[in-house]
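For reference, the chains in residue letters:
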Amino acid sequence: MFVLFQVVIPIFAIILCGFLAGRLSLLPLNGVQSLNYFVYYFALPALLFSSLSTAPVDQITNWNFILTNLCIIISCFVLTIILFKFIFKKKFPELSMYGMITTYGNTGFLGIPLLIAAFGQEAAVPAAIVTFIYDLTIVTLVIVSFEIAKVMNKKHDEQEKILPLFGLIVKSVVLNPINASLLLGIIVAISQIPIPPSVYVFTEVLGPAAGPTALFALGLGLSSERNVFKNKHYYLSEFIVLLSLKLIILPLLAILFVYYIFPVEDNLWAVSVVILSALPTGAIVYVFAEKYNTLVKQVPLYTLATTVISIITISIFLVVMIE
């Protein structure tokens, strides 16, 4: 009960405030985009850079931690592909989009703010590393799958596509504010480049705004998405399997790996992996759905449904993991 009242309820109360602000017309619903842009381009990059650039090098190069997260992601991704290929008869490369739905969590706008609110600033380092691993691995898998399919369909020489494909992966993974700030922070930490104190004052003032703003914006966004549940372009069986894989199976796999297969010594880092695995599907999945014209009508429903249901499942995992 202590964990519930001291950690879980305050976090989701911020989301509720955003939801009520939208439902009661206290704020315009189109303000969601502005709040998200503020978090995405300014507050969150500042927070991540500040956390990583001052982190000990041995934390950033914790290969056991990196390997553990890779195994968790790939295990769930492969499990999803197997289920949807042999049970639901889906085909390549559409299978990779289902894999993205069940593995790519909303780490930037929910996971990192939630962990920092629950455990303090020290949770930002493992959260940042996990975020980058997820981005690099899942985005690469999806892009490679669809680009290989294009090559096969057009019967072009695959070697001719290697350079453009590499460029597409770099652009999608590296050239966004969150991952760019992660890379910059890692470079500064490893190389020990001296940074003016004024830069850290700037990031330490701006960064803490990422958490509450992202959570509030999430609630505000949910208040305007009720019509998504009227979507009929999905099969209930697929819907249930996807939700189960994302919100239950993936965090259970995380528990298996971080506590039994590749034990993570730092409990905060282990808990961070589990909670980040329990996050709802990230909004960026819809960007790839549109880009490759795959599951365009279904992804918004899956994203919203996992977000709403995750309020319950994340609360359960938080209480269990902390106690």
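Rules of the game
All residue numbers refer to positions counted from 1 along the written sequence of the respective chain. Local features in this predicted model are restricted to residues whose pLDDT is 70 or higher, and side-chain atom pairs enter the listing and the counts only when it is 80 or higher, whereas totals over whole chains, interfaces and linings include all residues. Working from all heavy atoms in the structure, the side-chain values ignore hydrogens and water. Every helix listed is a DSSP run of H or I at least four residues long, and every strand listed is a run of E at least two residues long, numbered separately from the N terminus. Given the number of residues in a helix, its expected span is that number minus one, multiplied by 1.5 Å. When a residue's accessible area, from a 1.4 Å probe over protein chains only, is under 20% of the maximum for its type it is buried; when over 50% it is exposed; and in between it is partly exposed. Working convention: axes come from line fits to C-alpha atoms, limited for helices to the stretch in contact. Angles between N-to-C directions cover 0 to 180 degrees. Put simply, angles under 35 degrees are roughly parallel, angles over 145 are roughly antiparallel, angles from 65 to 115 are roughly perpendicular, and the rest are oblique. The handedness criterion is simple: a crossing whose near helix is rotated anticlockwise from the far helix by less than a right angle is left-handed, and one whose near helix is rotated clockwise is right-handed. In what follows, a contact means two residues having at least one pair of non-hydrogen atoms within 4.5 Å. Amino acids outside the nonpolar list (Ala, Val, Leu, Ile, Met, Phe, Trp, Tyr, Cys, Pro) and the charged list (Asp, Glu, Lys, Arg) are all regarded as polar, and Gly is one of them. A 1.4 Å probe that fits into a set of points on a 1 Å grid over the protein atoms alone but cannot get out defines a cavity; an open set with protein on both sides within 12 Å along at least five of seven lines defines a pocket, and lining residues are those with an atom within 4 Å of a point. Grid points are joined across faces, edges and corners, and a volume is the space filled by probe spheres set on the points. For this quantity, the arc is that covered by the directions from the helix axis to the C-beta atoms. Residue-level confidence of the predictor is what pLDDT reports, using numbers from 0 through 100. Salt bridge, as applied in this entry: a Lys or Arg side-chain nitrogen positioned within 4 Å of an Asp or Glu carboxyl oxygen.

## A short note on helix α9 (residues 177–191)
Moving on, step 1. Taking 1.5 Å of rise per residue, 15 residues should cover 21 Å, and α9 covers 21 Å from first to last C-alpha, within 8% of that figure.
Moving on, step 2. Every buried residue of α9 is listed here: Pro 177, Ile 178, Asn 179, Ser 181, Leu 182, Gly 185, Ile 186, Val 188 and Ala 189.
Moving on, step 3. Of the residues flanking the end of α9, it is Gln 192, one or two places downstream, whose phi is positive at about 60 degrees.

## Side note on the packing of helix α13 (residues 267–277) against helix α15 (residues 299–322)
Any two packed helices are characterised by how steeply their axes cross, that is the angle between the axes, and by the distance between the axes.
Moving on, step 1. Where α13 contacts α15, the axes come no closer than 10 Å and their chain directions differ by 165 degrees. By the angle between their directions, the pair α13 and α15 is classed as roughly antiparallel. When you trace α13 past α15, the crossing you get is right-handed. Only Phe 317, Leu 318 and Met 321 of α15 make contact with α13, whose side of the interface consists of Val 271, Val 274 and Ile 275.
Moving on, step 2. Tallied by class, residues from the contact of α13 with α15 come to six nonpolar, no polar and no charged.

## Side note on the layout of surface pockets
Moving on, step 1. One number sums up the size of the largest pocket: a volume of about 1,100 Å³.
Moving on, step 2. Along its surface, the largest pocket is lined by 34 residues, and Asn 36, Phe 109, Gly 282, Ala 283 and Ile 284 are the ones closest to its centre.
Moving on, step 3. Listing elements by their share of the lining of the largest pocket, those giving two or more residues are α2 (31–53), α6 (107–119), α7 (124–154), α11 (210–222), α14 (284–291) and α15.
Moving on, step 4. Residue contributions to the lining of the largest pocket peak at six residues, all from α2.
Moving on, step 5. Classifying every residue of the lining of the largest pocket gives 18 nonpolar, 14 polar and two charged.

## Things to note about α14
Moving on, step 1. Among the residues of α14, those classed as buried are Val 285, Phe 288 and Ala 289. Summarising the axial view, the buried residues of α14 lie within an arc of 105 degrees, below the 170-degree limit, and thus occupy one face.

## Observations concerning the confidence of the model for the chain
Moving on, step 1. For the chain, per-residue confidence averages 84 on the pLDDT scale, and 88% of positions sit at 70 or higher.
Moving on, step 2. Of all secondary-structure elements in the chain, the lowest mean pLDDT belongs to helix α8 (residues 162–173), at 65, while helix α4 (residues 63–86) reaches the highest, 95.

## Structural notes on the pattern of salt bridges
Moving on, step 1. Across all of its chains, the model carries one salt bridge by this definition.
Moving on, step 2. A salt bridge links Lys 90 to Glu 238; the nearest nitrogen and oxygen atoms lie 2.9 Å apart. Here Lys 90, found in the loop between α4 and α5 (94–103), pairs with Glu 238, found in helix α12 (residues 236–261); they are 148 residues apart in sequence, far enough to count as distant. Per residue, the accessibility class of Lys 90 equals that of Glu 238, and both read buried.

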